[in-house]
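Residue-level structural notes
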Amino acid sequence: MKRQAVTLEAIAERPNLELACWKAARGRQSSPAVARFLADRTQQLDALAAAIVDERAPDGRASRFVIHDPKRRVIHAACFADRVLHHAIFNVVEARFETMLLDSSFACRPGKGVHRAVLAVQRSLQRWPWFVQVDVDGYFPSIRHDLLMALLRRRFKGAGFLALLQRILDCGATAGPGRGLPIGTLASQHFANAFLDGADRFILDQAGVGGHVRYMDDLLWGCESRAVAEASLAGLEAFLRDACGLRLKPRRRIARSSEGARYCGFRVRQGVVLPGPRKMARFRAAVARIEAARTAGWASEADCQRAWDGSLATLSGCESGGFRRRVLAGFGYSLEPGCPSN
C-alpha cells in the first residue's frame, strides 16, 4: 500500500484548524477551558499553527481522573489545544486509518459502533457452530510505541509528521517510557484501533474461521469446530505475544454458538439480543432516581420525561419490553404488552 505523504503545513492550515476547533468544542462550550480558548480563538489558533510548524506541538498537558464503569479506568483528558491538534491531524489522515482496518472492526469508527458490533456478533453466532471470545490484558497500557510507530511509518511519510506522532506518543506514555496510550484522547482511539489490525487479519487467515468481530480489544470469531477454535486461539495468543508484545486475559471463552455470548453489555443469542446485567442495573437505578425526584417534587414532569428518555437509551438496540414492564410494575406503573420493545 502506498504511503500517504503528510506535511505539518497541511495540518496547520487555518481552515483545517477552524474545523478541528469546532469538532473539539462541540458539546463542551460551557467548559471554562474551552470558553477561554474560544474567546481568544484567532490568537489561540495562530499560536497552535506556529507550534505545529515549528515542531513544538503538542503542549502535553492533561488532567487525570478515575472512573468505575464498572471496572476502574484512568482517564487522561488532554488540554483543549491538544484536543484541537488531534482533530486537525485526523481531519487529514482519518481516511487512511479507515483503509487500514477491516469492516469487522467496530469501535470509534464512522457508521460503526456498539449496536452494529452486537448485530455482527449475532450473525456470527447464527452462521458458525462454535465461537471464541477473548480480550487483551491491559490493552492501552501495554501498547509498545516502537511497534506502533513502525506500523505508522508503513502507512505515512513525512519526517515532520512522523516526529509529531512520536511526540504525541511520548507525552502520553502511561506505563513508562515507550509504552502505553492514554485512555480518553482521539489519537489514542485511532492508534489502538490500528495496532490490532494485524491480529484481525491473522484470525481470518486461519482455515475454518469466520464471523470475526472486534470492538477495540474485545474479539470474537466463529469456527467450524471446537478443534479449529482451540487452534485459532493458540495461534492468536502466539501472534499477539510475538508480533505485538501483548497477552490475552486469562478468561478466554470457547463455546457452542447456541449458548450465546455477552458482548459490549448485551446478551447476544442466535435469535434475540437482550440487555446485560449492567444495563439492567443502570435502568433500574435511573427509574428509581426519576421516581424519587418526581414524588419529592424536585423535578417537573418535563424534566422527568427527559430523564425517562435518557434511561430508555440504556436499553436501545435490544429486546427489553418484558424487563421494563417488571421494573415499572415495582413502582406501580404498567406498560402495555403491545408497546415497542426497543
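Residues numbered from 1 in each chain as written. Predicted model: local features only at pLDDT ≥ 70, side-chain atom pairs only at ≥ 80, totals over all residues. Heavy atoms only, no water.

**Points about the overall build of the protein**
The secondary structure content of the protein amounts to 15 helices and 11 strands. With the C-alpha coordinates of the protein rotated into their principal frame, the extents come out at 65 × 60 × 30 Å. The 342 residues of the protein split such that 44% are buried. Excluding contacts between residues fewer than 6 apart, the proportion of contacts in the protein whose partners are at least 24 apart in sequence is 68%. About 16,800 Å² of surface is accessible on the protein, with carbon and sulfur atoms providing 52% of the total. Charged side chains of the protein number 51 positive and 33 negative; the gap between the two group centres comes to 4 Å. (Helix = DSSP H or I, 4+ residues; strand = E, 2+ residues; numbered from the N terminus. Buried < 20%, exposed > 50% of the residue type's maximum accessible area, 1.4 Å probe, protein only. Contact = heavy atoms within 4.5 Å. Areas by Shrake-Rupley, 256 points an atom, 1.4 Å probe, with all protein chains shown as cover. Lys, Arg positive; Asp, Glu negative; His and termini not counted. Charge placed at Lys NZ, Arg CZ, Asp CG, Glu CD.)

**Considerations on the packing of helix α2 (residues 14-25) against helix α5 (residues 80-99)**
Running from N to C, α2 and α5 point in directions that differ by 120°, and their axes come no closer than 8 Å. Relative to α5, α2 is oriented oblique. Both α2 and α5 take part in a crossing whose hand is right-handed. Contact residues: N16, L17, L19, A20, C21, K23, A24 and A25 in α2; F80, R83, V84, H87, A88, N91 and V92 in α5. (Axes fitted to C-alpha atoms, helices over the stretch in contact; angles between N-to-C directions. Parallel < 35°, antiparallel > 145°, perpendicular 65-115°, else oblique. Left-handed = near helix turned anticlockwise from the far one by under 90°.)

**What about helix α13 (residues 277-296)?**
Between its first and last C-alpha atoms α13 spans 29 Å; for 20 residues at 1.5 Å apiece the expected length is 28 Å, and the two agree. Tucked inside the fold, the buried residues of α13 contact β10 (266-268), β11 (273-275), α14 (301-313) and α15 (321-329). Following α13 by one or two positions, G297 adopts a phi angle in the positive range, close to 80°. (Expected span 1.5 Å × (residues − 1).)

**So, the packing of aromatic side chains**
Applying the stated criterion across every chain yields a total of 10 aromatic pairs. Aromatic side chains Y139 and F140 sit 5.7 Å apart centroid to centroid with 80° between the ring planes, which places their arrangement in the edge-to-face category. Through a chain of ring-to-ring contacts, three or more aromatic side chains come together here, namely F90, F97, F156, F161 and F191. The ring centre of W128 lies 4.4 Å from the NZ or CZ of R127, which sits over that ring. (Phe/Tyr/Trp six-rings, centres within 6.5 Å; stacked < 30°, edge-to-face > 60°. Lys NZ or Arg CZ within 6 Å of the ring centre and 35° of its normal.)

**Points about the sheet that holds strand β8 (residues 253-256)**
What the four strands build is an open sheet, ordered β6-β7-β4-β8; its pairing is antiparallel. Looking at which strands have only one partner, the edges of the open sheet turn out to be β6 (209-215) and β8. Ignoring strand direction, the axes of neighbouring strands in this sheet form an average angle of 15°. Here strand β4 (residues 130-135) pairs with β8 via four bridges, running antiparallel. Bridged to V132 within β8 is I254. (Pairing = 2+ DSSP bridges.)

**Description of α2**
Spacing of three or four residues puts side chains on the same side of an α-helix, whose turn is 3.6 residues. The terminal C-alpha atoms of α2, which comprises 12 residues, lie 16 Å apart, in line with the 16 Å expected from a rise of 1.5 Å per residue. Taken together, the buried positions of α2 are occupied by N16, L17, A20, C21, A24 and A25. Along α2, the residues classed as buried sweep out an arc of 155° about the axis, all on the same side. What points out from α2, more than 90 degrees from its buried face, is the exposed set P15 and W22. As for α2, its buried residues are in contact with α1 (8-12), α3 (32-39), α4 (41-53) and α5. The positive-phi residue at the C-terminal boundary of α2 is G27, with phi of around 80°. (Arc of directions from axis to C-beta.)

**Side note on the side chain of E291**
Checked against the element boundaries, E291 lands in helix α13. By relative accessible area, E291 is classed as buried at 13%. Residues within four places of E291 in sequence aside, it is in contact with F331 and Y333.

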